[in-house]
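Single-letter residue listing:
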Amino acid sequence: MYFGGPRKPLSQVIFEKYDKDSSGHVDVHEFHGMCYDLGHFLTKKELDVAVKVIDKDGSGHISLDEFTKWWKNSKRFENFKKTPEEMAWVQECVKDFRVYDDDNSGTITKAEFEKLLPTLKQKGMTDKAGPAVFGDLDSDNSGIISFNEYMEWLAREPKKKVM
């Protein structure tokens with residue numbers, strides 16, 4: 001017990017400190033300031049990657065739940081620091097996703113994925129059959145691949161580990 005109640009988790013204390021407007025979420029600017037204050041200055045590109053990785057629902061800001069999940073990872077800041085070659089690879093992969101996201105929805109349907117698959121194979125990112133790759137990418141089994149699912153797949157794909 002702490003002053004008559006349970007202690008807040010450190011992740012919540014930090015989140016609330018940087019949620020300057022008490023909106024219930026941390027925007028890009030607030031997150032950048034938090035990282036800097038914690039000794040991890042992020043470049044604009046690293047900040048963009050960070051928000052895309054943490055912001056699972058694609059809202060453009062970070063909720064307490066998203067922040068807490070990220071905070072629990074002991075290598076939370078390492079995922080944002082990339083060599084110039086790694087950053088170029090990530091940017092190329094993002095470009096590929098956007099090319100095949102025909103309606104610019106931030107998601108890829110099965111039909112759009114069928115167009116992306118040859119690019120993934122050509123770049124040596126997978127040698128699996130289409131349905132298996134789609135299943136790997138569609139981690140929530142929604143029938144579509146979100147941009148965040150794609151980024152997470154890139155992070156865990158052994159052939160071209162970039163994140």
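Up top you'll find the structure we're talking about.
Since we're looking at a predicted model, the values are computed, not measured.

About the criteria used
Residues numbered from 1 in each chain as written. Predicted model: local features only at pLDDT ≥ 70, side-chain atom pairs only at ≥ 80, totals over all residues. Heavy atoms only, no water. Core = buried A, V, L, I, M, F, W, Y, C linked by side-chain atoms within 4.5 Å. Buried < 20%, exposed > 50% of the residue type's maximum accessible area, 1.4 Å probe, protein only. Helix = DSSP H or I, 4+ residues; strand = E, 2+ residues; numbered from the N terminus. Contact = heavy atoms within 4.5 Å. Axes fitted to C-alpha atoms, helices over the stretch in contact; angles between N-to-C directions. Parallel < 35°, antiparallel > 145°, perpendicular 65-115°, else oblique. Nonpolar A, V, L, I, M, F, W, Y, C, P; charged D, E, K, R; others polar.

Asks: Explain the nonpolar core here, please?
Replies: A general tendency of soluble globular proteins is for nonpolar side chains to be buried together. Ranked by size, the top nonpolar core spans 22 residues in total, and within it Phe113, Leu120, Leu137, Ile145 and Tyr150 carry the most contacts. For this core, the secondary structure elements donating two or more residues are helix H5 (84-100), helix H6 (110-122), helix H7 (130-137) and helix H8 (147-156). When residues of this core are assigned to their parent elements, the largest contribution, six residues, is made by H5. Not counting residues up to four positions away in its chain, the partners in contact with Leu137 are Phe113, Leu120, Ile145, Glu149, Tyr150 and Trp153. If you look at the next biggest cluster of nonpolar residues, it comprises 17 residues, including Val26, Cys35, Val51 and Phe77.

Asks: Looking at this model, I keep getting lost on the packing of helix H2 (residues 28-37) against helix H3 (residues 44-54). Mind explaining?
Replies: When two helices pack together, you describe them by how their axes are tilted relative to each other and by the distance separating the axes. Packing of H2 against H3 brings their axes to within 11 Å, and their N-to-C directions diverge by 110°. Relative to H3, H2 is oriented roughly perpendicular. Residues Val28, Phe31 and His32 of H2 touch H3, and the partners they reach there are Leu47, Ala50, Val51 and Ile54. Looking at side-chain class alone, the contact of H2 with H3 contains six nonpolar, one polar and no charged residues.

Asks: Help me understand the environment of Phe67, please; the structure alone is not making it clear to me.
Replies: One can find Phe67 in helix H4 (residues 64-71). For Phe67, a relative accessible area of 1% puts it in the buried group. Along the sequence, Phe67 and Lys56 sit 11 residues apart, while their C-alpha atoms lie 9.9 Å from each other. Residues contacting Phe67, with those up to four places away along its chain left out, are Ser11, Ile14, Phe15, Met34, Ile54 and Ile62.

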